[in-house]
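Summary of structural features
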Amino acid sequence: MLFRPVYGIISAVNVTEILTTIPERDAYQMNPVTLAFLGDAVLTLYIREKLALIADYPSGDLQKYTAIEVSAHGQNIALAKVGPAFTDTEKDIFRRGRNSKKSAKAKNASVAEYNNSTGFEAVLGYLYISGQYKRLDEVLHLACGDMKQALGLDGPGGTGTDTAEDTE
């Protein structure tokens, strides 16, 4: 729930009531690079939220882990997990994003990784802007899996927020 003033009175609203959505057909027709721009923000927020909830680390460490997950390389690992589960529409948006002309060049990734990550972000942006939040959550959950395990936060030496009391 989010709180916002309504005629001078604070009231609780469901966050999905204040997000902008457009019809699926309009979202489908958007420039795939613009969809990727949105998808990048969606993925970053999702990763940051999950990290904040599973690991009690200083913000610098959380930023480092976020950078690993949202990098083109990290997104390609996520894409390998979720790509086969894409719907036909999602596959088409992915291809359009992957094949689109981009103004930026790959810095710390191969061109293929960079192009694939743009396609993945376009799918996330499409699902977000078209209001398909349930599907977006499914895709992100499939793609990111168990972040504690992936980042080594649950094994020996891991310092996530779980304690012996939490796991009993």
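Residues numbered from 1 in each chain as written. Predicted model: local features only at pLDDT ≥ 70, side-chain atom pairs only at ≥ 80, totals over all residues. Heavy atoms only, no water.

With that out of the way, let us pick up the packing of aromatic side chains. The final tally for this structure, using the stated rule, is 3 aromatic pairs. Residues Y57 and Y65 carry aromatic rings whose centres are separated by 5.6 Å and whose planes lie at 50 degrees to one another, so their mutual orientation is tilted. We note that Y57, like Y65, is buried. Of note, K64 hangs over the ring of Y65, and the distance from its end group to the ring centre comes to 5.3 Å. The ring of Y28 has R96 lying over it, and the distance from NZ or CZ to the ring centre is 5.0 Å. (Phe/Tyr/Trp six-rings, centres within 6.5 Å; stacked < 30°, edge-to-face > 60°. Buried < 20%, exposed > 50% of the residue type's maximum accessible area, 1.4 Å probe, protein only. Lys NZ or Arg CZ within 6 Å of the ring centre and 35° of its normal.)

So, about the side chain of Q75. As for its placement among the helices and strands, Q75 is situated in helix α4 (residues 72–82). Residues within four places of Q75 in sequence aside, it is in contact with L43, E69, V70, S117, F120 and E121. (Helix = DSSP H or I, 4+ residues; strand = E, 2+ residues; numbered from the N terminus. Contact = heavy atoms within 4.5 Å.)

The N-to-C vectors of helix α2 (residues 32–54) and helix α7 (residues 133–144) enclose an angle of 65 degrees; their axes lie 12 Å apart at closest approach. The hand of the α2/α7 crossing is right-handed. Residues V42, L43, Y46 and I47 of α2 pack against L136, D137, L140, H141 and C144 of α7. Grouping the constituent residues of the contact of α2 with α7 by class yields 7 nonpolar, 1 polar and 1 charged. (Axes fitted to C-alpha atoms, helices over the stretch in contact; angles between N-to-C directions. Left-handed = near helix turned anticlockwise from the far one by under 90°. Nonpolar A, V, L, I, M, F, W, Y, C, P; charged D, E, K, R; others polar.)

Once that is clear, we can look at the packing of α2 against helix α6 (residues 111–129). What describes two packed helices is the angle between their axes and the distance between those same axes. The N-to-C vectors of α2 and α6 enclose an angle of 80 degrees; their axes lie 6 Å apart at closest approach. One way to sum up the angle between α2 and α6 is to call them roughly perpendicular. Contacts between α2 and α6 involve P32, L35, A36, L38, G39, D40, V42 and L43 from the first element and T118, F120, E121, A122, L124, G125, Y126, Y128 and I129 from the second. Its residues assigned to classes, the contact of α2 with α6 shows 12 nonpolar, 3 polar and 2 charged. (Parallel < 35°, antiparallel > 145°, perpendicular 65-115°, else oblique.)

Our next topic: the pattern of salt bridges. Opposite charge on two side chains permits them to pair, given that their charged atoms come into close proximity. The full count for this structure, using the stated rule, is 3 salt bridges. R135 is paired through a salt bridge with E90; the nearest N and O atoms lie 2.8 Å apart. Of this pair, R135 sits in helix α7 while E90 is found in helix α5 (residues 88–99), placing the two residues 45 residues apart along the sequence. Exposure class is identical for R135 and E90. Each is buried. One salt bridge connects D92 with R95, and the closest N-O pair in it is separated by 3.9 Å. Taken together, the residues span about one helical turn, with D92 and R95 both in helix α5 at a distance of 3 residues. Given a relative accessible area of 38%, R95 falls into the partly exposed group. Taken together, the shared-partner salt bridges connect E90, R135 and E138 into one network. (Salt bridge = Lys/Arg side-chain N within 4 Å of Asp/Glu carboxyl O.)

The next thing to look at is the confidence of the model for the protein chain. Residue-level pLDDT values for the protein chain average 83, and 77% of them are 70 or greater. Segment residues 156–168: pLDDT under 50, and 15 contacts once partners within four positions in sequence are set aside and those in other chains are kept. (pLDDT = per-residue confidence, 0-100.)

This part takes up the nonpolar core. Membership of the largest hydrophobic core comes to 32 residues, with the highest contact counts inside it found for L43, I47, F86, F120, L124, V139 and L140. A total of 8 residues in this core trace back to one element, the largest contributor, which is α2. (Core = buried A, V, L, I, M, F, W, Y, C linked by side-chain atoms within 4.5 Å.)

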